[in-house]
Amino acid sequence: MSLYIEEKLMYSFEFEEIQQLVDRQVLQQGCYLCIWHAHKIPPHIGILINGNYFSLKVKGKDSALPVFEILKVMDRKEIATLFVEIQENPGMEKITETFSLYDKAVPFKNTCLTPITEVFGVQYEVGMLAELLNYFSSKNQIGVIFGLHLISGFKGIPQYGKEEIEARIKHLDKVK
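Just so it is clear, the structure is predicted and the values come from calculations on it, not from any experiment. (Residues numbered from 1 in each chain as written. Predicted model: local features only at pLDDT ≥ 70, side-chain atom pairs only at ≥ 80, totals over all residues. Heavy atoms only, no water.)

Below, the discussion takes up the overall build of the protein. Within the protein, the regular secondary structure consists of six helices and nine strands. Its C-alpha radius of gyration of 15 Å places the protein within 12% of the 16 Å reference for a compact globule of 176 residues. Along the first, second and third principal axes, the C-alpha atoms of the protein reach 50 × 40 × 35 Å. Within the span of the protein, comprising 176 residues, buried residues form 43% of the whole. In the protein, the share of contacts with a sequence separation of at least 24, taken over all contacts with a separation of at least 6, comes to 73%. Carbon and sulfur atoms provide 49% of the accessible area of the protein, an area that totals close to 9,600 Å². Side-chain charges in the protein split into 19 positive and 22 negative, and the spacing between the mean points of these groups amounts to 9 Å. (Helix = DSSP H or I, 4+ residues; strand = E, 2+ residues; numbered from the N terminus. Rg over C-alpha atoms; globule rule 2.2 N^0.38 Å. Buried < 20%, exposed > 50% of the residue type's maximum accessible area, 1.4 Å probe, protein only. Contact = heavy atoms within 4.5 Å. Areas by Shrake-Rupley, 256 points an atom, 1.4 Å probe, with all protein chains shown as cover. Lys, Arg positive; Asp, Glu negative; His and termini not counted. Charge placed at Lys NZ, Arg CZ, Asp CG, Glu CD.)

As structure tokens, then:
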């Protein structure tokens, strides 16, 4: 039993304060990392810019989806999600251009994080979500963090490695 509890408390990144997402209009402006299934290993990551959502997935990609479309999915499926405001706003053109270079996530080639790290120019320093969050934190670039459908007591991103990411991509690639 204690081993289970210890594992549950191991985070790759812990958040200081998470506000409940009440006013959804706030997502219409600014830049947010969207962390889907925030309590799972591994979570899925997308980026929201001025109300437009982008994400690289095994089955393809989302490009400039209106934020309210993804919120409907999150609400319908009660998906635990974080919206982490990033003070640095790379702009719609940069995100659109970067995501246009990718068709889908491919095992051992790229992940949902790959185009996001390229957008911010940290692809050589950052290989995992916690590293990206630590990067933004060290630069004082993290603003408000909103939570939606989070499990009780949620504090941070569970610890995991690249092996879990690749295993998940391979699994999803097989079931598509």
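A few words on the side chain of Thr-81. Here Thr-81 shows up in strand E7 (residues 81–86). Residue Thr-81 is classed as buried on the basis of its relative accessible area of 0%. Once residues within four sequence positions are removed from consideration, Thr-81 is found in contact with Ile-35, Trp-36, Met-74, Phe-146, Gly-147, Leu-148 and Leu-150.

Attention now moves to the pairing of strand E5 (residues 52–57). With three bridges joining them, strand E4 (residues 44–49) and E5 adopt antiparallel strand pairing. Across the sheet, Ile-47 pairs through a bridge with Phe-54, a residue of E5. Following E4, the chain reverses through two residues before pairing antiparallel with E5; Asn-50 in that reversal takes a positive phi of roughly 45°. Relative to strand E6 (residues 60–66), E5 runs antiparallel, the two being bridged by five bridges. (Pairing = 2+ DSSP bridges.)

Burial of nonpolar side chains together is a common tendency in soluble globular proteins. Grouped together as the largest cluster of nonpolar side chains are 38 residues, with contacts concentrated most on Phe-15, Ile-35, Leu-82, Val-84, Phe-120, Leu-133 and Ile-157. Breaking this core down by element, the ones donating at least two residues are strand E3 (31–36), E4, E5, E7, helix H3 (92–99), helix H4 (114–119), helix H5 (129–138) and helix H6 (162–175). Of all the elements, H5 adds the most residues to this core, at five residues. Those residues in contact with Phe-120 that sit more than four places away from it in its chain are Cys-31, Ile-47, Ile-86, Glu-88, Pro-90 and Phe-136. (Core = buried A, V, L, I, M, F, W, Y, C linked by side-chain atoms within 4.5 Å.)

The subject of this paragraph is H6. Look at H6: 20 Å from first C-alpha to last across 14 residues, which is about the 20 Å you get at 1.5 Å a residue. Buried within H6 we find Ile-165, Glu-166 and Ile-169. Along the axis of H6, the buried positions cluster into a sector of 95°, meaning they face one direction only. Exposed side chains of H6 directed beyond 90 degrees from the buried face belong to Glu-163, Lys-174 and Val-175. (Expected span 1.5 Å × (residues − 1). Arc of directions from axis to C-beta.)

Okay, the environment of Glu-118 next. With respect to the helices, strands and loops of the structure, Glu-118 is situated in helix H4. In sequence terms Glu-118 and Ile-45 are 73 residues apart; their C-alpha atoms lie 14 Å from each other. Non-local contacts of Glu-118, meaning those with residues more than four positions away in its chain, are made with Lys-94, Thr-98, Tyr-102 and Gln-123.

All right, on to the environment of Leu-21 then. By the secondary structure assignment, Leu-21 is in the loop between strand E2 (19–20) and E3. Considered as a pair, Leu-21 and Glu-97 are 76 residues apart in the sequence and their alpha carbons are 29 Å apart. What Leu-21 contacts, discounting residues up to four positions off in sequence, is Val-26, Leu-27, Leu-71, Phe-83, Phe-146 and Gly-147.

What follows deals with the state of the cysteines. Cysteine pairs can be linked by a disulfide, which is a covalent bond between their two sulfur atoms. Enumeration according to the criterion identifies zero disulfides in this entry. For the unlinked cysteine Cys-34, the closest cysteine sulfur is that of Cys-31, found at 8.9 Å. For Cys-34, a relative accessible area of 0% corresponds to the buried category. Residue Cys-112 stays outside any disulfide, its sulfur separated by 11 Å from that of Cys-34, the closest cysteine. (Disulfide = S-S within 2.5 Å.)

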